[in-house]
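What follows is each chain in one-letter form.
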Amino acid sequence: MHSPFKLINKNILVTGASSGIGRQCAIDFSFNGANVFLLGRNVEELKRTKELCAQDVTIKYFSIDFSDLGLLSNEIASICDEIGPVHGFLHAAGIEKSLPYQHLKIDDYQCLYDVNFVSAMEIIKTISNKQYRGDKAKYVLVSSIASVIGRLSLTAYAASKGAMASAVKSLSLELAKKGICINCISPGTILTPMMIKMMDALTEEQRTARKESFPLGFGEPSDISYAAIFLLSDAARWITGQNIIIDGGYTAQ
Amino acid sequence: MEINEFVKNFANQFDETDASEFTPATDFRQLDEWSSLIALSVIAMIDEEYDVVIKGDDVKSSKTIQDLFEIVKSRKKS
Ligand SMILES: NC(=O)c1ccc[n+]([C@@H]2O[C@H](COP(=O)([O-])OP(=O)(O)OC[C@H]3O[C@@H](n4cnc5c(N)ncnc54)[C@H](O)[C@@H]3O)[C@@H](O)[C@H]2O)c1
């Protein structure tokens with residue numbers, strides 16, 4: 001029986017697969033039938049992700065760094081030559097920076113913008129090519145609730161995340177002609193290595209206040225991966241250009 | 001590392017409080033202008049100027065500017 005909520009036989013690329021949300025997505029995609037191709041910088045951690053994935057599907061990893069974006073589309077093309085048609089793309093690679101605006105440097109804006117946003121656009125340029133795209137392809141970019149709300153000292157990060165959410169709207173129109181859907185997921189606070197590091201700058205009281213500000217408490221990486229499975233599955237065929245907010249009720253307030 | 005320079009860098013993170021209010025003995029969390037945003041600015045300043053990464057709880061456990069200076073100084077050596 002066809003199960004529209006599964007990812008059986010789909011080839012899915014996952015960036016940021018060495019840690020946090022990207023790792024959890026890779027694991028959960030594999031247990032839902034997808035062949036998963038892990039992209040990240042840390043080979044040891046990518047190997048670890050591979051071990052945690054289902055063993056009855058194809059899992060491969062590729063070391064790739066987004067600090068040199070000029071090389072990216074060629075690198076992705078050679079990965080695609082190896083793996084075949086790409087049916088899904090989950091972009092979870094990203095960096096965070098909490099810095100009051102007076103301390104932000106031009107390089108900070110540039111670096112956040114490149115790693116969080118431009119890298120995804122360069123990858124999509126390649127994988128959406130006739131040559132590489134799979135049937136009914138679906139792309140999901142992990143933005144953040146910083147794309148829709150304000151938070152002290154997040155100006156540069158929020159700008160890069162907002163870029164993702166607004167680019168997806170225009171891009172969805174071009175990709176629709178190719179039968180591709182693209183959406184953002186915007187998570188609230190999830191205790192991944194990135195967030196744990198960021199919270200170090202807060203005091204114990206501030207950490208408690210942060211947690212209490214989420215009606216359902218902090219999220220878990222699987223709160224994001226389950227939604228990503230849906231958005232990458234055939235069941236989501238009529239959803240595109242959206243920014244899906246998953247934040248335990250934070251923005252409902 | 002020099003305490004007077006540290007006090008000056010610390011004071012620079014404030015907009016309204018007069019520079020004369022800052023001495024090594026200043027109980028900085030009692031200042032009207034003190035806020036969580038200024039705490040983040042102080043952490044960023046310490047990272048930029050002294051190449052030392054401190055935590056929110058380090059700021060919290062310091063009473064005076066001198067206390068914070070001592071934390072930064074001890075981390076800088078190691
Ligand atoms: N954790 C949260 O609370 C939260 C909330 C909202 C949005 N997000 C977003 O979710 C995404 C995943 O974050 P996470 O919490 O899992 O963090 P994480 O730090 O655990 O993972 C980030 C991943 O990005 C990769 N990465 C970073 N810089 C890279 C570069 N130059 N080249 C290639 N890969 C690079 C890392 O290798 C890592 O695999 C990020 O885009 C983040 O902004 C996280």
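Everything below is about the structure shown above.
About the thresholds
Within every chain, residues take consecutive numbers counted from 1 along the sequence as written. Labels follow written order: the first chain is A, the first ligand is 1, and so on. Restriction of local features to residues with pLDDT of at least 70 applies here, the model being predicted, together with a cutoff of 80 or more for giving and counting side-chain atom pairs; totals for whole chains, interfaces and linings are based on all residues. Excluding hydrogens and water, the side-chain figures rest on all heavy atoms present in the structure. Two residues qualify as a contact provided that any one of their heavy atoms is within 4.5 Å of a heavy atom in the partner residue. Here the buried area means the combined drop in accessible surface, using a 1.4 Å probe, for two parts upon being joined, counting both sides. Salt bridge, as used here, is a side-chain nitrogen of Lys or Arg placed within 4 Å of a carboxyl oxygen of Asp or Glu. Two N or O atoms form a polar contact when they lie within 3.5 Å of each other; inside protein one atom must be a possible hydrogen donor and the other a possible acceptor, and for residues adjacent in sequence the pair counts only when both atoms belong to side chains. To qualify as a helix, a DSSP run of H or I must reach at least 4 residues; to qualify as a strand, a run of E must reach at least 2; elements of each kind are numbered from the N terminus. Gly falls in the polar group here, along with every residue not listed as nonpolar (Ala, Val, Leu, Ile, Met, Phe, Trp, Tyr, Cys, Pro) or charged (Asp, Glu, Lys, Arg). A cutoff of 4 Å decides nearness: a residue is near a molecule or strand if any of its heavy atoms lies inside that distance of it. Here the accessible surface of atoms and residues is derived via Shrake-Rupley with a 1.4 Å probe, and residues count as covered only by protein chains that are part of the display. Between the N-to-C directions of two axes lies an angle of 0 to 180 degrees, each axis being a line fitted to C-alpha atoms and, for a helix, fitted only over the stretch in contact. Convention used here: angles under 35 degrees read as roughly parallel, angles over 145 as roughly antiparallel, angles from 65 to 115 as roughly perpendicular, and any remaining angle as oblique. Note on convention: the crossing is left-handed when the near helix lies turned anticlockwise from the far helix by less than a right angle, right-handed when the turn is clockwise.

Asker: For this particular structure, what's the right way to read the interface of chain B and chain A?
Answerer: Many structure descriptions define interface size as the accessible area lost when the parts assemble. Counting residues at the interface gives 13 residues for chain B and 14 residues for chain A. Regarding the contact of chain B and chain A, the summed buried area is about 1100 Å², with carbon and sulfur atoms giving 56% of it. Taken together, the links from chain B to chain A amount to 4 salt bridges. Note that E48 of chain B and K105 of chain A form a salt bridge whose closest N and O atoms lie 3.8 Å from each other. Here chain B and chain A share 9 residue pairs in polar contact (both at pLDDT 80 or more) between them. Of all elements in the fold, only α2 (36–50) and α3 (56–61) of chain B reach the threshold of two or more residues within the side of chain B that touches chain A. Tallying contributions element by element places α2 of chain B first for the side of chain B that touches chain A, with 8 residues. Each residue belonging to the side of chain B that touches chain A can be placed in one class, and the counts come to 5 nonpolar, 4 polar and 4 charged.

Asker: I'm lost on the site of the ligand in this one. Help?
Answerer: All names here are of chain A. Not every one of the 27 residues close to the ligand is listed here, only the nearest: S18, S19, Y157, I190 and T192. S18 has a polar side-chain atom sitting 2.7 Å from an oxygen atom of the ligand. The separation between a nitrogen atom of the ligand and a polar main-chain atom of F66 is 2.9 Å. Protein burial of the ligand: of its 820 Å² of free accessible surface, 94% is covered by the chains. Sorting the residues of the shell around the ligand by element identifies α1 (20–31), α5 (155–176) and α6 (193–199) as the ones contributing at least two each. It is α6 that provides the largest number of residues to the shell around the ligand, a total of 3 residues. Along the lines of polarity and charge, the residues of the shell around the ligand split into 14 nonpolar, 10 polar and 3 charged.

Asker: How do you make sense of the packing of helix α3 (residues 72–83) of chain A against helix α4 (residues 106–127) of chain A when you look at a structure like this?
Answerer: How two helices sit against one another is set out by the angle between their axes and by the gap between those axes. Residues and elements named next belong to chain A. Two numbers describe how α3 lies on α4: the axes approach to 9 Å, and their chain directions differ by 45 degrees. It follows that α3 is oblique to α4 by the angle criterion. The chirality of how α3 crosses α4 is right-handed. Every residue of α4 that contacts α3 at L72, S73, I76, A77 and C80 is listed here: S119, E122, I123, T126 and I127. Residues of the contact of α3 with α4, tallied by class, amount to 6 nonpolar, 3 polar and 1 charged.

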